[in-house]
Amino acid sequence: MNEEITVTLTLDNDETLDCLVLTIFNVGEKQYIALLPLGEDGESENGDVFLYRYYDSEDGEPELDNIEDDEEYEMAADKFDEWMDTQEFEFLDDEEE
């Protein structure tokens with residue numbers, strides 16, 4: 001079983017949201033992160049996934065940026081969908097245990 005990593009996002013309205021890190025992946029020379037928002041009970045509320053550009057700051061801290069370009073977002077979403085296709089059976093196997 002894989003260790004689950006969570007992060008807390010601070011939204012534009014200063015609301016905080018706990019998210020499960022699904023994966024960090026590359027598209028070209030850029031890295032992206034897929035986050036699954038979690039409700040108060042620690043479960044996904046609606047299955048929406050957030051995609052952000054991911055990088056390490058100069059001091060080595062992880063940083064996230066919004067993806068504002070539609071074409072860049074589509075490339076990241078397509079790569080994430082490919083990753084999900086390879087994970088589907090693993091998720092089903094975990095649920096059956």
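For the structure itself, consult the block above.
Attention here is on the structure that accompanies the text. Model, not experiment: these values are computed from the prediction.

This part is about the pairing of strand β3 (residues 30-37). Burial of β3 is extensive: 6 of the 8 residues sit out of reach of the surface. As judged from the 8 bridges shared by strand β2 (residues 16-27) and β3, these two strands associate in the antiparallel manner. Its bridge partner being in β3, Cys19 is matched across the sheet by Pro37. The loop that links β2 with its antiparallel partner β3 comprises 2 residues; one of these, Gly28, has a positive phi angle of about 65°. Strand direction decides the pairing type here: β3 and strand β4 (residues 50-56), joined by 5 bridges, are antiparallel. Looking at the pairing, Ala34 lines up with Leu51 of β4.

To continue, consider the environment of Asp65. Considering the arrangement of structural elements, one finds Asp65 in strand β5 (residues 62-65). Through-space distance from the C-alpha of Asp65 to that of Tyr32 is 9.2 Å; in sequence the pair is 33 residues apart.

Together, Asp69, Asp70, Glu71, Glu74, Asp78, Asp81, Glu82 and Asp85 line one region of the surface with negative charge. Structurally, Glu71 can be placed in helix α1 (residues 70-96).

Here we take up the nonpolar core. Of all hydrophobic cores here, the largest spans 14 residues; its most connected members are Leu22, Phe25, Tyr32, Ala34, Leu51, Ala76 and Phe80. Secondary structure elements with two or more residues in this core: β2, β3 and α1. Residues Leu9, Cys19, Ile33 and Leu35 belong to the second largest nonpolar core, which totals 8 residues.

Turning next to unusual backbone geometry. The phi dihedral of Asp14 falls on the positive side, at around 70°, and the residue is not glycine. Here Asp14 falls in the exposed class, since its relative accessible area comes to 62%.

Time to look at the pattern of salt bridges. Applying the stated criterion across every chain yields a total of 3 salt bridges. Across the salt bridge formed by Asp65 and Arg53, the nearest N and O atoms sit 3.8 Å from each other. A residue pair is termed long-range when its members are at least 10 positions apart, and Asp65 in strand β5 and Arg53 in strand β4 qualify at 12 residues. According to the relative accessible area criterion, Arg53 is buried, its value standing at 19%.

Scoring rules and cut-offs
- Residues numbered from 1 in each chain as written.
- Predicted model: local features only at pLDDT ≥ 70, side-chain atom pairs only at ≥ 80, totals over all residues.
- Heavy atoms only, no water.
- Buried < 20%, exposed > 50% of the residue type's maximum accessible area, 1.4 Å probe, protein only.
- Helix = DSSP H or I, 4+ residues; strand = E, 2+ residues; numbered from the N terminus.
- Pairing = 2+ DSSP bridges.
- Patch = residues over 30% accessible without salt bridge, like charges linked within 9 Å, V, L, I, M, F, W, Y side chains within 5 Å.
- Areas by Shrake-Rupley, 256 points an atom, 1.4 Å probe, with all protein chains shown as cover.
- Salt bridge = Lys/Arg side-chain N within 4 Å of Asp/Glu carboxyl O.
- Lys, Arg positive; Asp, Glu negative; His and termini not counted.
- Charge placed at Lys NZ, Arg CZ, Asp CG, Glu CD.
- Core = buried A, V, L, I, M, F, W, Y, C linked by side-chain atoms within 4.5 Å.

Coordinates in, geometry out; function isn't part of it.
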